[in-house]
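# Report on the structure
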Amino acid sequence: MSAPAIIEAKAVSKWYGQFHALKDINLTVRRGERIVICGPSGSGKSTLIRCFNRLEAHQEGDIVVSGVALHGKMTNVAAVRSNVGMVFQHFNLFPHMTVLMNCMAGPMWVKGVSEKEARKTALTFLERVRIPEQANKFPIQLSGGQQQRVAIARSLCMKPDVMLFDEPTSALDPEMVSEVLETMTGLARDGMTMVCVTHEMGFARAVADRVIFMDAGQIVEEGTPDAFFGHPRHDRTKLFLSQILKH
Amino acid sequence: MLYPDTVEAEILVHKPWFVATMFGVVLLLFMAFNMSGTSFAELMRPVIGEPSVSGLYGRFAIAFVIAVIFTLNVVLIGFAPLKFQIGIVWLELLLLFIAFFETFHLSLPFIREKLPFLISQGVVTTLYVSAISIVIASVIAVAGAVAKLSSNGFAYAIASFYTSFFRGLPLLMQVYLIYLGLPQLGFVINAVPAGILALSLCYGAYMTEIFRSGIQSIDRGQWEASRSMGFGFALTMRRIILPQALPVIIPPTGNQFISMLKDSSLVSVIGVWELMFLARTLGQKTFQHMEMLISAAMIYWMLSICLELIQSRIERHYHRSKVR
């Protein structure tokens with residue numbers, strides 16, 4: 001593990017009012033690593049990755065992303081965010097723009113890339129998620145799976161160092177889950193650093209370098225997929241796995 | 001349109017009970033009025049004889065014929081396709097309207113003589129005052145809405161004080177206060193700028209609330225997506241939030257524009273020669289008030305219709321990204 005760290009969280013705690021949402025989280029994500037975070041709902045998985053691009057504020061501890069510490073008074077948050085891609089459960093595409101424009105907006109408006117250049121990049125990544133033919137449609141004209149792939153392409157157009165996935169397949173019809181997972185697997189194969197919150201254990205087994213299990217705001221267990229699925233150490237992990245692998 | 005059911009209900013105006021009730025109501029209504037002095041009664045002369053001496057029979061016959069025509073008309077329109085129904089009903093209401101004005105015996109030559117001035121001076125001033133006020137009010141509304149949604153205490157306090165004050169006073173009073181009050185502070189202000197200022201401030205306050213609710217109606221995921229790509233506040237607002245809020249904002253804003261066009265008549269009280277002022281003064285000398293008032297009314301109406309058309313055009317434009 002000699003690759004440089006892209007995300008470093010040290011002793012991170014977060015409260016929503018009285019509720020202790022994240023408790024003393026320590027996690028390092030290194031370049032090229034693929035990490036899957038799982039756990040029951042309300043365990044703080046989404047909250048944690050939303051802290052990594054400061055969509056949420058943490059109150060204690062340090063989070064350092066690409067060498068920049070995240071805190072409430074930082075002035076270069078845009079630079080950090082444009083370097084950290086995020087894919088949401090509900091896609092959050094911009095419905096008033098075409099698919100192509102969704103992908104061009106970030107590079108043009110944040111990075112100052114020329115329109116011609118942005119269009120080229122957008123088409124490249126739309127090609128990569130295998131929907132270049134939908135470029136001039138509006139998001140609502142696409143299926144859920146296609147929309148999520150556009151959202152992935154939109155993030156990739158910013159050429160981020162790390163991609164965060166916040167339950168990217170949870171809002172999809174079963175048929176469309178695999179097309180999104182395939183896209184993500186392709187990304188992983190190309191060496192993208194990824195942190196995925198997901199319940200897709202097959203994906204975790206196939207792609208992850210490390211699986212992290214969270215419960216009640218804490219990291220309960222982490223390990224390689226083989227160790228995690230083969231020999232879970234904690235009772236809570238065993239219970240969780242038995243529940244979700246039952247079907 | 002409301003979300004239509006796939007099962008067609010029987011058409012109301014073809015239901016026997018409805019037709020019968022409608023017929024009965026119209027019959028009784030026209031029985032209650034004495035129609036024997038009207039030109040319609042003259043048309044009935046072959047049936048009822050001299051209308052003024054036809055008595056109860058005459059009244060009944062007239063009301064009966066009117067009720068038959070009315071009911072037949074409604075039932076027949078019920079068969080037409082939607083577009084035709086709308087067109088025919090509009091046309092009929094318009095004809096009734098014209099017939100109503102006919103009874104005033106307006107002097108058309110007088111109208112024809114004054115109309116050019118009414119338009120070249122009155123309409124132009126009205127449009128000029130409203131158009132400038134609309135632009136200023138929209139700018140105020142965006143700024144006000146952002147201020148009311150901000151976490152900056154000063155901005156919120158100023159914006160909420162402003163909307164509270166200018167929504168709380170009658171517009172007429174604001175016009176007077178600005179025109180008569182500002183000179184007391186040393187700013188001598190002409191009637192037209194005073195009127196524009198009053199209209200802008202008042203409508204800016206109403207539209208602030210419209211814009212605020214429009215901005216708030218946008219899903220918070222849009223903010224998160226914008227933020228996660230590194231968009232700043234101004235960029236997110238201008239490129240992501242406002243364009244999506246516009247379809248929500250436009251119908252009530254169209255209302256405000258139409259309302260403002262008509263409320264611009266209030267600046268006539270400080271002597272601006274706009275449509276309302278001229279309508280009141282042009283007919284005064286010869287006591288032909290009605291001619292000018294009705295002409296001005298029609299002009300206001302036509303201008304409003306133009307705004308309605310523009311509004312529906314814009315709504316259609318924004319409907320584009322919602323079509324599957």
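Here the structure is a predicted model, which is why all the values come from computation and not from measurement. (Residues numbered from 1 in each chain as written. Chains lettered and ligands numbered in written order. Predicted model: local features only at pLDDT ≥ 70, side-chain atom pairs only at ≥ 80, totals over all residues. Heavy atoms only, no water.)

### A closer look at the overall build of chain A
The secondary structure content of chain A amounts to 9 helices and 10 strands. For chain A, the C-alpha atoms occupy an extent of roughly 55 × 45 × 40 Å along the three principal directions. In chain A, buried positions account for 54% of the 247 residues. The contacts of chain A with a sequence gap of at least 6 include a subset with a gap of at least 24, amounting to 65%. Accessible surface for chain A amounts to roughly 10,600 Å². Of this, 49% is attributable to carbon and sulfur atoms. Between the centroid of the 28 positive side chains of chain A and the centroid of its 25 negative side chains there is a distance of 4 Å. (Helix = DSSP H or I, 4+ residues; strand = E, 2+ residues; numbered from the N terminus. Buried < 20%, exposed > 50% of the residue type's maximum accessible area, 1.4 Å probe, protein only. Contact = heavy atoms within 4.5 Å. Areas by Shrake-Rupley, 256 points an atom, 1.4 Å probe, with all protein chains shown as cover. Lys, Arg positive; Asp, Glu negative; His and termini not counted. Charge placed at Lys NZ, Arg CZ, Asp CG, Glu CD.)

### Topic: the overall build of chain B
On a plain count of helices and strands, chain B comes out with 13 helices and 0 strands. Going from the N terminus to the C terminus, chain B shows its helices and strands as α-α-α-α-α-α-α-α-α-α-α-α-α. Taking 2.2 N^0.38 as the reference for a compact globule, 324 residues should give roughly 20 Å; the C-alpha atoms of chain B span a radius of gyration of 27 Å, well beyond that estimate. Principal axes of the C-alpha set define a box for chain B whose edges measure 85 × 60 × 30 Å. (Rg over C-alpha atoms; globule rule 2.2 N^0.38 Å.)

### Quick word on the sheet that holds strand β5 (residues 68-69) of chain A
Residues and elements named next belong to chain A. Pairing in this open sheet of 4 strands is antiparallel, and the strands run β2-β1-β4-β5 from one edge to the other. The outermost strands of the open sheet, each flanked by one partner alone, are β2 (19-30) and β5. Taken together, the 8 bridges between strand β1 (residues 5-16) and β2 define a ladder with antiparallel strand orientation. Across the sheet, Ala9 pairs through a bridge with Leu27, a residue of β2. (Pairing = 2+ DSSP bridges.)

### Quick look at a positive patch on the surface
Together, Lys111(A), Lys116(A), Lys120(A) and Lys159(A) make up a positively charged patch on the protein surface. You can see Lys120(A) is positioned in helix α4 (residues 115-128). (Patch = residues over 30% accessible without salt bridge, like charges linked within 9 Å, V, L, I, M, F, W, Y side chains within 5 Å. Salt bridge = Lys/Arg side-chain N within 4 Å of Asp/Glu carboxyl O.)

### Side note on the packing of aromatic side chains
Aromatic ring pairs are reported here in terms of the distance separating the ring centres and the angle at which the planes meet. Applying the stated criterion across every chain yields a total of 19 aromatic pairs over all chains. Measuring from ring centre to ring centre gives 5.8 Å for Phe100(B) and Phe101(B), while their planes differ by 45 degrees; the resulting arrangement is tilted. Owing to a relative accessible area of 18%, Phe101(B) belongs among the buried residues under this scheme. Clustering of aromatic rings is evident, with ring pairs tying together Phe97(B), Phe100(B), Phe101(B), Phe104(B) and Trp301(B). Directly above the ring of Tyr16(A) sits Lys14(A), whose terminal nitrogen or CZ lies 4.6 Å from the centroid. (Phe/Tyr/Trp six-rings, centres within 6.5 Å; stacked < 30°, edge-to-face > 60°. Lys NZ or Arg CZ within 6 Å of the ring centre and 35° of its normal.)

### Examining the pairing of β1(A)
Where a strand is regular, its side chains alternate between the two sheet faces. Residue and element names in this part refer to chain A. Joining the antiparallel neighbours β1 and β2 is a turn of 2 residues, in which Gly17 adopts a positive phi near 60 degrees. One ladder, built from 5 bridges, connects β1 with strand β4 (residues 60-65); its direction is antiparallel. Within β4, the position partnered with Ala9 by the bridge is Ile63.

### A closer look at the interface of chain A and chain B
Often, the extent of an interface is quoted as the loss of accessible area upon association of its parts. Listed as interface residues are 24 residues of chain A and, on the opposing side, 22 residues of chain B. For the chain A and chain B pair, buried surface summed over both sides reaches about 2,000 Å², with 63% attributable to carbon and sulfur atoms. Summed over the shared surface of chain A and chain B, the result is 1 salt bridge. For Arg50(A), the salt bridge goes to Glu224(B), with nearest N and O atoms at 2.6 Å. Counting across the chain A and chain B interface gives 4 residue pairs in polar contact (both at pLDDT 80 or more). When contributions to the side of chain A that touches chain B are tallied by element, the ones reaching two or more residues are α2 (77-82), β6 (84-87) and α3 (99-110) of chain A. The biggest single contributor to the side of chain A that touches chain B is α3(A), with 4 residues. Of the residues that constitute the side of chain A that touches chain B, the class distribution is 15 nonpolar, 6 polar and 3 charged. (Buried area = accessible area lost by both parts, 1.4 Å probe. Polar contact = N/O pair within 3.5 Å; in protein donor to acceptor, adjacent residues only side chain to side chain. Nonpolar A, V, L, I, M, F, W, Y, C, P; charged D, E, K, R; others polar.)

### Some thoughts on a nonpolar patch on the surface
Residues and elements named next belong to chain B. There is a patch of nonpolar side chains on the surface, built from Leu82, Ile86, Trp90, Leu91, Leu94, Leu95, Phe97, Ile98 and Trp301 and spanning about 890 Å² of accessible area. Broken down by element, the residue count for the nonpolar patch peaks at 8 residues, all from helix α5 (residues 82-102). Tracing the chain through its elements places Trp301 in helix α13 (residues 289-319).

### Some thoughts on the state of the cysteines
Residues and elements named next belong to chain A. Evaluation of the coordinates by the stated rule reveals 0 disulfides over all chains. Unpaired in this structure, Cys103 has its nearest cysteine sulfur neighbour in Cys157, at a distance of 4.5 Å. Judged by its relative accessible area of 0%, Cys103 falls in the buried class. (Disulfide = S-S within 2.5 Å.)

### Brief notes about unusual backbone geometry
Residue and element names in this part refer to chain A. Positive phi is not limited to glycine here, since Arg54 has a value of about 60 degrees. Along the chain, Arg54 falls in the loop between α1 (45-51) and β4. Among the residues examined, Arg54 registers a relative accessible area of 16% and is labelled buried.

### What to know about the confidence of the model for chain B
Averaged over every residue, the pLDDT of chain B is 89; the share at 70 or more is 98%. Complex prediction metrics read pTM 0.79 and ipTM 0.92. (pLDDT = per-residue confidence, 0-100.)

### With respect to the sheet that holds β6(A)
Residues and elements named next belong to chain A. Read from one edge of the open sheet, 6 strands run β6-β7-β8-β3-β9-β10, paired in mixed fashion. At either margin of the open sheet sits one strand with a lone partner, and together these are β6 and β10 (218-223). Strand-to-strand, the axes of this sheet are offset by a mean angle of 20 degrees, without reference to chain direction. Looking at chain direction, β6 and strand β7 (residues 162-166) are connected through 4 bridges and run parallel. Paired with Gly85 across the bridge in β7 is Met163. Those strands touched by helix α5 (residues 144-156) are β6 and β7, and its axis lies near 170 degrees from that of β6. Set on the sheet, helix α9 (residues 235-244) makes contact with β3 (34-38), β9 (210-215) and β10; between it and β9 the angle comes to about 100 degrees. (Axes fitted to C-alpha atoms, helices over the stretch in contact; angles between N-to-C directions.)

### Thoughts on the nonpolar core
Core analysis: the largest hydrophobic core is formed by 68 residues, its most contacted members being Ile7(A), Ile37(A), Phe52(A) and Leu164(A). Per-element tally for this core: the top contributor is helix α9 (residues 191-216) of chain B, with 11 residues. Beyond its immediate chain neighbours, meaning those up to four positions away, Ile7(A) contacts Leu27(A), Thr28(A), Val29(A), Phe52(A), Val64(A), Val65(A), Val162(A), Leu164(A) and Val195(A). (Core = buried A, V, L, I, M, F, W, Y, C linked by side-chain atoms within 4.5 Å.)

### What to know about the pairing of β10(A)
Residues and elements named next belong to chain A. Here 5 bridges tie β9 to β10, and the two strands are oriented antiparallel to one another. Opposite Asp215, over in β10, you have Gln218 as the bridge partner. Once β9 ends, the chain turns through 2 residues before running back antiparallel as β10, passing Ala216 with a positive phi of about 50 degrees.

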